[in-house]
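# Overview (structure and organization)
What follows is each chain in one-letter form.
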Amino acid sequence: MSALGPWIPLESNPEVFNKWAQRAGLVTKKDAFGDVYGLDDELLDIVPQPTKAVILLFPDVREAKAHQKQEDAKIAKDGQPHLDPTIYYAKQTIGNACGTIALIHALANSNVNWDPSSPLHNFIVETKDKTPEERASLLESRPLFANIHAETAQDGQTAPNIDTDLHFVCFVAAPDADLRSVAKGEKEAKDVVPGESESDTGMRLVELDGRRPGPIDHGVCKNLLKDVAKLVKERYLSQTESVYFSLMALGPPLLD
């Protein structure tokens with residue numbers, strides 16, 4: 001972890017996340033974060049489409065950490081052949097900065113509209129060829145992001161609390177690396193793993209958590225929002241009885 005002290009956590013609130021994004025240069029009239037009110041299809045269907053990214057807040061309980069450790073060990077052993085190597089991923093080295101890291105992951109890996117002078121877009125372009133650790137170091141060294149985070153953390157509806165066991169992660173849809181290789185002629189179709197890349201969308205559901213070793217490939221993605229909802233039910237809600245879960249989707253803003 002960084003020698004810097006922990007930041008004030010961001011509140012899981014679309015208004016707060018949109019203020020952060022706007023300060024960082026997102027054109028929020030085109031793309032914005034909104035609440036996801038439940039995991040059932042009828043509630044998912046009212047979320048404006050297309051969904052470009054999903055941010056999850058969940059309790060960082062012992063069971064979740066144990067599952068993550070097992071998952072990381074399996075990935076280290078087996079690899080992730082379908083994971084797109086061009087996904088923008090940064091490590092989290094500052095305490096309570098998971099909200100800002102999730103925002104960066106969501107916006108960097110989505111086709112969003114930027115203000116021409118956007119500091120975040122400039123940072124993403126500047127660090128495109130850096131390692132996740134180098135991106136984290138540069139993020140620490142830029143007062144801009146600490147200032148945006150601090151200003152936004154004060155905008156929440158609840159009193160700021162540094163001591164929290166809640167954690168933000170981001171989900172995006174990314175191209176299947178195997179199918180991309182076939183399209184480029186770098187790999188023959190017969191070399192693609194059967195049953196894994198056979199998807200109409202050619203996309204993968206990817207989890208981005210700055211505390212993990214890297215991006216996590218959760219398999220074929222056919223509908224980002226509904227696939228995340230299914231994953232949350234199976235892998236997160238099943239591990240705890242806590243009610244401190246929330247989802248936000250990045251996509252077209254709701255019309256007034």
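Residues numbered from 1 in each chain as written. Predicted model: local features only at pLDDT ≥ 70, side-chain atom pairs only at ≥ 80, totals over all residues. Heavy atoms only, no water.

### Re the UniProt feature "site: Transition state stabilizer" (unreviewed entry) in the chain
Note the threshold: UniProt positions are given in the numbering used here, feature names are shortened, and annotations may be inferred rather than shown by experiment. In DSSP terms, a helix is any run of H or I states spanning at least four residues, a strand is any run of E spanning at least two, and both are numbered starting from the N terminus. Think of it in three bands: residues with accessible area under 20% of the maximum for their type are buried, residues over 50% are exposed, and the middle band is partly exposed, with areas taken using a 1.4 Å probe on protein chains only. Polar contact criterion, stated in full: a pair of N or O atoms within 3.5 Å, where within protein one must be able to donate a hydrogen and the other to accept it, and residues adjacent in sequence count only if both atoms are side-chain atoms.
Those places that UniProt annotates as "site: Transition state stabilizer" (unreviewed entry) correspond, in this numbering, to Q92. Residue placement: Q92 occurs in the loop between α3 (62-78) and α4 (98-108). Q92 sits in the buried class, given a relative accessible area of 9%. Only 3.0 Å separates the side chain of Q92 from the backbone oxygen of I94, close enough to count as a polar contact.

### A look at the environment of V172
We count it as follows: Contacts were defined at the residue level, with two residues in contact if any of their heavy atoms lie within 4.5 Å.
With respect to the helices and strands, V172 occurs in strand β3 (residues 166-175). Taking relative accessible area as the criterion, V172 reaches 1% and is therefore assigned buried. Once the C-alpha coordinates of V172 and A53 are considered, the two residues, 119 residues apart in sequence, prove to be 4.8 Å apart. Setting aside anything within four residues of it in sequence, one finds V172 in contact with K52, A53, H105, N109, R204, L205, V206, L208 and L224.

### With respect to the packing of helix α1 (residues 14-24) against helix α7 (residues 143-153)
Between two packed helices, both the angle of their axes relative to each other and the distance between the axes serve to describe the pair. What counts, and what does not: Axis angles are defined between N-to-C directions and span 0 to 180 degrees, where every axis is a line fitted to C-alpha atoms and, for a helix, only to the segment in contact. Each angle receives one of four descriptions, namely roughly parallel if under 35 degrees, roughly antiparallel if over 145, roughly perpendicular if within 65 to 115, and oblique otherwise. It is the rotation of the near helix from the far one that decides the hand of a crossing: anticlockwise by less than a right angle makes it left-handed, clockwise makes it right-handed.
Orientation of α1 relative to α7, taken along the N-to-C sense of each, is 150 degrees, at an axis distance of 9 Å. In terms of orientation, α1 lies roughly antiparallel with respect to α7. The two elements α1 and α7 cross, and the hand of that crossing is right-handed. Counting all contacts with α1, which are made through V16, K19, W20, R23 and A24, the residues of α7 involved are F145, I148, H149, E151 and T152.

### A few points about unusual backbone geometry
The peptide bond linking Q49 to P50 adopts the cis configuration, its omega dihedral lying at 5 degrees. Following the sequence through the fold, P50 ends up in the loop between α2 (41-44) and β2 (53-59). With a phi close to 65 degrees, N96 is a non-glycine residue in the positive phi region. Its place among the elements puts N96 in the loop between α3 and α4.

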